[in-house]
Amino acid sequence: MRKELLVALLFLSLVSCDTDDSDPIIEEPEVISEGVFTVDLLEGYPYGIDEVWLILHDLDGKPIDYAEVGTGGKAEFDVDRSGRYHLSLYYRNTLQGMDINTIQTYTNIKATRNITFGLSRTGRNIPEPTGNFEAIIKFNDYGNFGYTSSSFNTTNSGSYWLDYDLHMTTPIYPNEKKYLVAGVNNEGRIGYTYISNPENDKTYSFDFESLKSYDRLVKIENPAATSITYSVNAMTELNGFYHYGYAVSRNTSNRSSVELGYLNEYKTYSTLVSASTPPGAKTQSFYYQLGEIPEKITLLTIPEINVLKNQITDFNFTLFPEATEYVVTFDYPNIWEYPDPIKNVRWFVYGNSPTFSLELPEEIKNTYPLLSNLDKMQLESIAINKNSYSYDEFIFDQFVEYPKLKTYTSQSVVQYYPKN
């Protein structure tokens, strides 16, 4: 997780419905997988890693059982499958003299279903280009932006400027019938057009003023923001999953008010927004939606995430009532002051309860010197999410069954913390 990165954006809010006495809610008992609780790693996950451990903790964070599994391995834990536990995946990269240690802990998870790390959707292949064409957007002043995009979500935001003209060399893909050309002028106005069946080595030129208006505009106003970055992508269905298509509108604006463009010809969109804040501000806000064109986009405004206890062995912070999930990141040493060669630990803790404590088995602490003293781990960041599905659903989607054609909304706020 880096400062310019959206935390992604995992995450959730329970959906409830009102019923009367004649329509009671009946909860079906949850099906439990047969046998012991099994945690698998798909072959090749984590990629390029040899040393991999799985650790199961009780809800106090104490290790119950653990196993060295290697990539593509699995561990079996003989525990009460109706209970909840913390599950940690630890892996180490020692290539080229480095010692990079990563731990991912998912707290308070159900053991009713077996877990698989490395689930993913079916990939989408991008064909090799057969040539190139040049697109030019002619502006009337400086301070503008433009790009071209294909249905494979490839983009080219500019090869060079000639006076006020933006020149973009764009690959031609087999059977790709049209390419989107989009521009934003220095006043924040946006426009688009398509190039159909472009020819190799041909140039297509457009005045910005001749570009078409978008079918729908969704305005974002955030007076506290010094800049807003957004990306609106049309989504396509392939093999039962959503995949990114045309980059319909995107930009980084130094304004606190922007308009996002949408086209009616596409029914499903991903919308990603981040709002940068002035120096001294403690939090940054993000928004993500996968689904129809949003009627309104609202960013969370949480000025500060208060931490009461900051040790990974005894952690407590303020979680606002609507929050559904968080990611707390610790590191050692300071991520921005790595030694050379790099030797570090990064520990990501996912959960939905504002308190947790975590410990590692003595064998692991004795084997790996960087993990010998967990008091050295320092809080780097907290990302809190308010999402349209629950933490349990997040765990299910990530590690039991990758969701097909699932739509959702996520609002996040992130804070970074000073180091000792």
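For the structure itself, look to the data block above.
Here is what the cut-offs are and how they apply
Residues numbered from 1 in each chain as written. Predicted model: local features only at pLDDT ≥ 70, side-chain atom pairs only at ≥ 80, totals over all residues. Heavy atoms only, no water. Salt bridge = Lys/Arg side-chain N within 4 Å of Asp/Glu carboxyl O. Helix = DSSP H or I, 4+ residues; strand = E, 2+ residues; numbered from the N terminus. Buried < 20%, exposed > 50% of the residue type's maximum accessible area, 1.4 Å probe, protein only. Pairing = 2+ DSSP bridges. Axes fitted to C-alpha atoms, helices over the stretch in contact; angles between N-to-C directions. Contact = heavy atoms within 4.5 Å. Core = buried A, V, L, I, M, F, W, Y, C linked by side-chain atoms within 4.5 Å. Polar contact = N/O pair within 3.5 Å; in protein donor to acceptor, adjacent residues only side chain to side chain.

J.: It is not clear to me how the pattern of salt bridges should be interpreted in this structure. Could you clarify?
T.: Where side chains of opposite charge bring their charged atoms close, a pairing between them can arise. One pass over the full model with this rule turns up 18 salt bridges. Residue Asp392 is joined to Arg84 by a salt bridge in which the shortest nitrogen-to-oxygen separation is 2.9 Å. Taken as a pair, Asp392 in helix α2 (residues 391-399) and Arg84 in strand β5 (residues 84-93) lie far apart in primary sequence, 308 residues in all. Classification of Asp392 by relative accessible area gives partly exposed; the value is 27%. Taking relative accessible area as the criterion, Arg84 reaches 27% and is therefore assigned partly exposed. Two residues, Lys365 and Glu359, come together in a salt bridge whose shortest N-O distance is 3.3 Å. With relative accessibility at 29%, the residue Glu359 sits in the partly exposed group. Taken together, the shared-partner salt bridges in this structure form one network comprising Glu51, Arg92 and Asp99.

J.: Any chance you could explain the sheet that holds β5 here in plain terms?
T.: One key point about sheets: their strands pair by backbone hydrogen bonds, in either a parallel or an antiparallel sense. One open sheet accounts for 12 strands, arranged β3-β2-β5-β6-β25-β24-β27-β28-β21-β20-β17-β18; its pairing is mixed. On the outer flanks of this sheet lie β3 (63-68) and β18 (241-253), each paired with one strand and no other. The sheet shows a mean angle of 15 degrees between the axes of neighbouring strands, direction not considered. Taken together, the 5 bridges between strand β2 (residues 51-57) and β3 define a ladder with antiparallel strand orientation. If you follow His57 over to β3, its bridge partner there is Pro63. Sheet contacts for α2: β5, β6 (99-110), β24 (325-332) and β25 (343-351); angle to β6, the most-contacted strand, approximately 125 degrees.

J.: What exactly am I supposed to notice about the nonpolar core here?
T.: Leu54, Phe77, Tyr106 and Phe117 are the most contacted members of the largest nonpolar core, which totals 33 residues. In contact with Leu54, not counting residues within four places along its chain, are Val39, Leu41, Asp65, Tyr66, Ala67, Val69, Ala75, Phe77, Ser88, Leu89 and Phe117. Residues Leu300, Ala323, Phe356 and Ile384 belong to the second largest nonpolar core, which totals 31 residues.

J.: Explain the side chain of Gln289 here, please?
T.: Along the chain, Gln289 turns up in strand β21 (residues 283-291). In terms of polar contacts, Gln289 uses its side chain to reach the side chain of Tyr287, at 2.6 Å. Beyond its immediate stretch of four places on either side in the chain, Gln289 contacts Tyr269, Ser270, Thr271, Pro294, Tyr408 and Thr409.

J.: So what exactly am I meant to see when it comes to the sheet that holds strand β22 (residues 307-311) here?
T.: Strand order in the open sheet formed by 3 strands is β22-β23-β26, and the pairing between neighbours is antiparallel. In the strand order of this sheet, the two ends are held by β22 and β26 (355-356), each with one partner. By the bridge criterion, 4 bridges tie β22 to strand β23 (residues 314-317) in an arrangement that is antiparallel. Bridged to Lys309 within β23 is Asn316.

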